[in-house]
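Notes for the structure review
Here are the chains, one letter per residue:
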Amino acid sequence: MGRLDHTDLSEDPPADTENLPVPRNLRDITPVWLTKALERGGAFGEIPVSRLSADAIVEGKGFMNQVFRLTLDYESNSPSPPRTLIIKLPSADPTLRTIFDRFGQNRREVSFYRELATDENLSAPACYYCSVDPDTENTVLLLEELSHWRQGDSVAGCSMADARQAIAQLARFQAAWWDSPRLDELGWMPMKCAESNAYLDIYPGAWESLRRQAADGMPQNLRQLGDTLQPQLAKIKTQLTRRPMTIVHGDYRLDNCFFDDAAKPKPPVAVDWEFCVRGRGVCDVATFISEAFPAQPRRAVERDLVATYHAALVENGVDGYSFQECWRDYRLAMLEIFIFWIVTGGYCNYDGERATAYLHNSLARFDAAISALGSVGLIPD
């Protein structure tokens, strides 16, 4: 999962275990702090952590936050506690951190794991502990480590079998929330259109940054579209927030999906829920397909995969949403994905061979999809 930068944290000073403050950075994660966090998470009881080390998961995998794999030793030989887990902290980049705080994205992911991660229709990593500091917006997540699963790769793409699995699982989850009155209880999860003003403010600088970083890897048609798309942003988001709504992951791409290769596989697991919103669910399908398939293979499979999604919705109780409407939403969602990429990814660092390939591949695939699907013609007057 990228380059690993090893850091031994065993001799750090102890944390304030009485109040268990939310850590500011990795240096605040100590054996004492972890012991208390795992105890408060309630999964394992109090089994003292005696030593830990951290490996940074970096190098072009699309991570905007700080993500580390922790390896733990315990004072007890009990087999119950996890020997490895993932810790997720906010971005150390000031610009990205400002954007995330404005949208409340890290806080949103904490709320997701507190309220929704155990949903029987959802496959997500186990959360051992999560917390947010309301004053600083610092957050921490201790999550199940998934190295025994196969992580998707947005650069390499995927098989039709993987795509069908990921899309069918998404549909089962979204069908359970389809136009549900329970959506109104999720006050911490915004509707897609509610983010329009913030997107409008961030768009110009983020677009300039993305163009600069993409350089010659930015397709000419996409460059022209990005120069003119900002005034249409609110219209697009409003169209994709009409009822029927459901829970939208917001970044449902291959890099964020993990697959089980067992003979009787479990459903794919989705990570990175900080972008979840309420809106038209097929936006996630468009995200997945646009990043997983180059132009020619995408044209050959996308209608089949959208039909897989729609059929799974119907099979799980959704009615009143025709395939034709679903297909139209899918086509329009390609513009929303490009807007999302500009605003949330414009300031990301794409240094490194894999990161550059990911950036250029994604832009080429967005460009081809938007053109082939006639997405711009669907923007309402």
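What comes next concerns the included structure. (Residues numbered from 1 in each chain as written. Predicted model: local features only at pLDDT ≥ 70, side-chain atom pairs only at ≥ 80, totals over all residues. Heavy atoms only, no water.)

A short note on unusual backbone geometry
Keep this limit in mind: Each helix corresponds to a stretch of at least 4 residues labelled H or I by DSSP, and each strand to a stretch of at least 2 residues labelled E; elements are numbered beginning at the N terminus.
Each neighbour pair has its own omega, and for Arg243 with Pro244 the value is 5°, a cis peptide bond. Mapping Pro244 onto the fold places it in the loop between helix 7 (233-239) and strand 8 (246-248). Located in the positive-phi region is Ala215, a residue other than glycine, with phi close to 50°.

Quick notes on helix 6 (residues 220-228)
Note the cut-off: Per-residue accessibility, obtained with a 1.4 Å probe over protein chains only, is compared with the maximum for each type, and a residue is labelled buried under 20%, exposed over 50%, and partly exposed between these values. The directions from the helix axis to the C-beta atoms are what the arc is built from. Contacts are residue-level and defined by heavy atoms, with any inter-residue pair within 4.5 Å sufficient.
Looking only at helix 6, the buried set comprises Leu222, Leu225 and Gly226. One side of helix 6 carries all its buried residues, which in axial view fall inside an arc of 100°. Packed against the buried residues of helix 6 are helix 5 (196-214), helix 10 (323-345) and helix 11 (353-372).

Notes on the packing of aromatic side chains
Applied cut-off: Whether two aromatic rings pair depends on their centres lying within 6.5 Å, for rings of Phe, Tyr and Trp, where Trp uses its six-membered ring; planes under 30 degrees apart make the pair stacked, over 60 edge-to-face, and the rest tilted. Put simply, a charge is over a ring when the Lys NZ or the Arg CZ is close to the ring centre, within 6 Å, and near the line of the ring normal, within 35 degrees.
Evaluated as defined, the whole model comprises 15 aromatic pairs. Taken together, a centroid distance of 5.8 Å and an interplanar angle of 85° make the contact between Trp33 and Tyr129 edge-to-face. Placement of Trp33 in helix 1 (residues 31-41) and of Tyr129 in strand 5 (residues 127-132) is noted, with a sequence separation of 96 residues between them. Classification of Trp33 by relative accessible area gives buried; the value is 1%. Summarising the aromatic geometry, the rings of Trp341 and Tyr358 are spaced 5.5 Å apart at their centres and angled 50° between planes, so their arrangement reads as tilted. Here Tyr358 lies in helix 11 and Trp341 lies in helix 10, a separation of 17 residues in the sequence. In this pair, the class of Trp341 matches that of Tyr358, namely buried. Joined through ring pairs, the aromatic side chains of Phe112, Tyr113, Phe173 and Trp273 make up one cluster. The ring of Tyr199 has Lys237 lying over it, and the distance from NZ or CZ to the ring centre is 3.8 Å.

Purely geometric numbers; function is a separate question.
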